[in-house]
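Results of the structural survey
The chain contents come next:
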Amino acid sequence: MRTMTAKDLKNHTGEVMRSIFKGEEIVVTLRGKPAAVILPFVESAKKKPLRPRPFEEAWKDIEKTLKKTGPEFKTWQEAMGWSRKRV
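Let us look at the structure shown here. (Residues numbered from 1 in each chain as written. Predicted model: local features only at pLDDT ≥ 70, side-chain atom pairs only at ≥ 80, totals over all residues. Heavy atoms only, no water.)

So, on to the pattern of salt bridges. Where side chains of opposite charge bring their charged atoms close, a pairing between them can arise. Per the counting criterion, the structure on display carries four salt bridges. Between Glu24 and Arg2 there is a salt bridge; the shortest N-O distance is 3.6 Å. Highlighted residues: Glu24 in the loop between α2 (13-21) and β2 (26-30) and Arg2 in strand β1 (residues 2-5), separated in sequence by 22 residues. Accessibility expressed as a relative area gives 26% for Glu24, which makes it partly exposed. We classify Arg2 as partly exposed; its relative accessible area is 27%. Note that Arg53 is salt-bridged to Glu57, the shortest N-O span being 3.6 Å. For Glu57, a relative accessible area of 41% translates into the label partly exposed. Three or more residues are tied together by salt bridges with common partners; here these are Arg2, Glu15 and Glu24. (Salt bridge = Lys/Arg side-chain N within 4 Å of Asp/Glu carboxyl O. Helix = DSSP H or I, 4+ residues; strand = E, 2+ residues; numbered from the N terminus. Buried < 20%, exposed > 50% of the residue type's maximum accessible area, 1.4 Å probe, protein only.)

Below you can see the structure in the form of structure tokens.
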């Protein structure tokens, strides 16, 4: 599996498409972090599509996680300041 940056993908799209057509898988990074995997169509068709969990089940997990954590900020003004990088 080859790794390339998003900029390289933009600049060498034709070469990348030929590689994928030959069966190569490519990981695309954005700012040094993996962002996507490009697979040949035949390969991706073999994999089972992901099915989302039922809403009720997922919501129970969200509520359980929220109960374990406390608020990070004391006031909404503090949170807004942090989000705007003023704190």
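Here the narrative resumes, following the displayed structure.
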